[in-house]
Amino acid sequence: MSKVLRSVVTGVGGYLPETIVTNEELAKIVETSDEWITERTGIRQRRRAAADQPVSDLAVAAARRALEAAGRTPQDVDLIIVATTTPDLTFPATATIVQRKLGCPVGPAFDVQAVCSGFVYALSVADGFVARGRAKCALVIGAEEMTKLMDWTDRGTCVLFGDGAGAVVLETMDGEGAKTDRGMLGFALMADGTKQDLLYVDGGVSTTGQVGHLRMQGNQVFRHAVVNISDAIVAAAADAGVEISEVDWFIPHQANLRILEGVARRLGIDEEKVITTVSEHANTSAASIPLALDAAVRDGRIKKGDLLLMEAMGGGLTWGACVVRF
Ligand code: UT7
C-alpha cells in the first residue's frame, strides 16, 4: 500500500473542577430526587466550575496533562482547536486564550462550535491539517462550563449537565494507508438544522444580546439520539473500512446511560467495551468524549494500537462518529 500521513493521538489529558454537586444537593433547589436522576440518566454527580474560573482555565489544565502524556511542551504546538459552546468571551476564540496562557508559538488557533458533537467535529478539522502535514503537533480540546448555561429553576435540564475539559495531542506520522495504521481512520459528521427547537440556548449576541439559558425537549432529543448516533457509527465504520465488531473500545458522548446502552444494544456492541463516565461528571458536552478517553487510558484499559469508536449528538441537531486507532 502507498505511504500516507496520519494524525495520531500521542497524548490525552483531562481536568475536572474541584466542586462536586450531588443529586441530593440539586434536590434541595428543584423538585427532583437522586432516585429519578439515577434511574433516568445514570448521573450521580457533576462538577461545577467556580464563578471566577473561565473555561480556558479548564482547557489549559487538560492540555498540560495531554502534552505531558505525549512528552511534548507548549513550544511544540502548531495548531490549537477548542470545541466549546461556553467560551470565555464572545471573541476572541477560546483557543487563542489557551495559546496565550500555555505560551504556544504563533500558529492557527480557533474554536469549533457544534455543541455536544464539538469534539468529533474538531478532531475531523484537525485531521485535515495534521494528516496533510500542515500541522505537526496539534492540541484538540473539548472544554465546557455547561452549568453557566443552566436555568436553575428547570429540573428537566439543570440536573443533566456539568463542567470539565479533555484534550488530545495529535501528531503527524507515516502510515501504510491500511486500517491497521494508527491515527484517524474514518469520520461521519451530520447536522439537521430543522431540529433546532429540540435543543438550543435562548440567547445570543445578535438576537437578545444576552447569553441565555439552555432549553431542551429531552424526550424528543432522546428519540432521535439512538437512531442518529447508530447511523453515524455505521457510516464512520464504513469510511474507515472496519467492521463494528473489530472495535476494541466504544467511547460515546456521555449524556445519558440509557442512550449509551441503547446504541450499544442496537449495534451489538459488547457492554464490556463501552467506556462510561456519565455517573461521575454528567453531560459535559464537547468535553465528555476526551474525558472518558482520558479515564480509560489512565486506568490502563485503552492501549496503543486499540481500535476506538467515538460518537456524539447535540444541539443543532448535530451528530457524528469517528474511528481512531490509538
Ligand atoms: O448532549 C445533548 C443531548 N442530550 C441528551 O441526549 C438528553 C436526551 N434526553 C434525556 O436524556 C431524557 O429524555 C431526560 C433524562 C432528559 C428525561 O427522561 P425521560 O425519560 O425522557 O423523561 P420525560 O422528559 O419524558 O419526563 C418524564 C417525567 C415528566 O413528568 P410528567 O409530565 O410525566 O408528570 C417530567 O416533568 O419526568 C419529569 N421530570 C423530572 N422529574 C424529577 C423531568 N425532569 C425531572 C427531574 N426530576 N429532574
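Residues numbered from 1 in each chain as written. Predicted model: local features only at pLDDT ≥ 70, side-chain atom pairs only at ≥ 80, totals over all residues. Heavy atoms only, no water.

**Q** Break down the site of the ligand for me, citing the residues and quoting the values.
**A** In the vicinity of the ligand lie 23 residues, with Thr 32, Arg 40, Arg 155, Asn 256 and Asn 283 positioned nearest. Between the ligand and Thr 32, the relevant distance is 2.7 Å, taken from a nitrogen atom to a side-chain nitrogen or oxygen of the residue. Elements represented by at least two residues in the shell around the ligand include exactly helix H2 (34-41), helix H6 (155-158), helix H7 (218-240) and helix H8 (257-267). Here the shell around the ligand gets four residues from one element, more than from any other, and that element is H7. When its residues are assigned to classes, the shell around the ligand shows 11 nonpolar, eight polar and four charged. Three or more residues apiece are contributed to the shell around the ligand by two domains, here domain 1 (4-175) and domain 2 (183-325). (Near = heavy atom within 4 Å. Polar contact = N/O pair within 3.5 Å; in protein donor to acceptor, adjacent residues only side chain to side chain. Helix = DSSP H or I, 4+ residues; strand = E, 2+ residues; numbered from the N terminus. Nonpolar A, V, L, I, M, F, W, Y, C, P; charged D, E, K, R; others polar. Domains from an automatic or database assignment.)

**Q** Outline H2, listing residues and values.
**A** Turn by turn, an α-helix covers 3.6 residues, leaving residues three or four places apart pointing in a common direction. Restricting attention to buried positions, one finds in H2 the residues Ile 37, Thr 38 and Thr 41. Buried residues in H2, looked at end-on, bunch into an arc of 100 degrees, giving them a common side. Of the exposed residues in H2, the ones pointing more than 90 degrees away from its buried face are Glu 35 and Glu 39. Summarising the contacts, the buried residues of H2 are in contact with helix H1 (23-26), strand E3 (45-48), H8 and helix H9 (278-281). Where H2 terminates, the next one or two residues include Gly 42, which has phi positive at roughly 80 degrees. (Buried < 20%, exposed > 50% of the residue type's maximum accessible area, 1.4 Å probe, protein only. Arc of directions from axis to C-beta. Contact = heavy atoms within 4.5 Å.)

**Q** How would you explain unusual backbone geometry if you had to name every residue and give the values?
**A** Residue Phe 91 is joined to Pro 92 through a cis peptide bond whose omega torsion reads 5 degrees. Considering the arrangement of structural elements, one finds Pro 92 in the loop between strand E4 (79-83) and helix H4 (94-102). Cis rather than trans, the peptide bond between Gly 316 and Leu 317 has omega equal to -15 degrees. The backbone of Ser 285 shows a phi angle near 55 degrees, a positive value even though the residue is not glycine.

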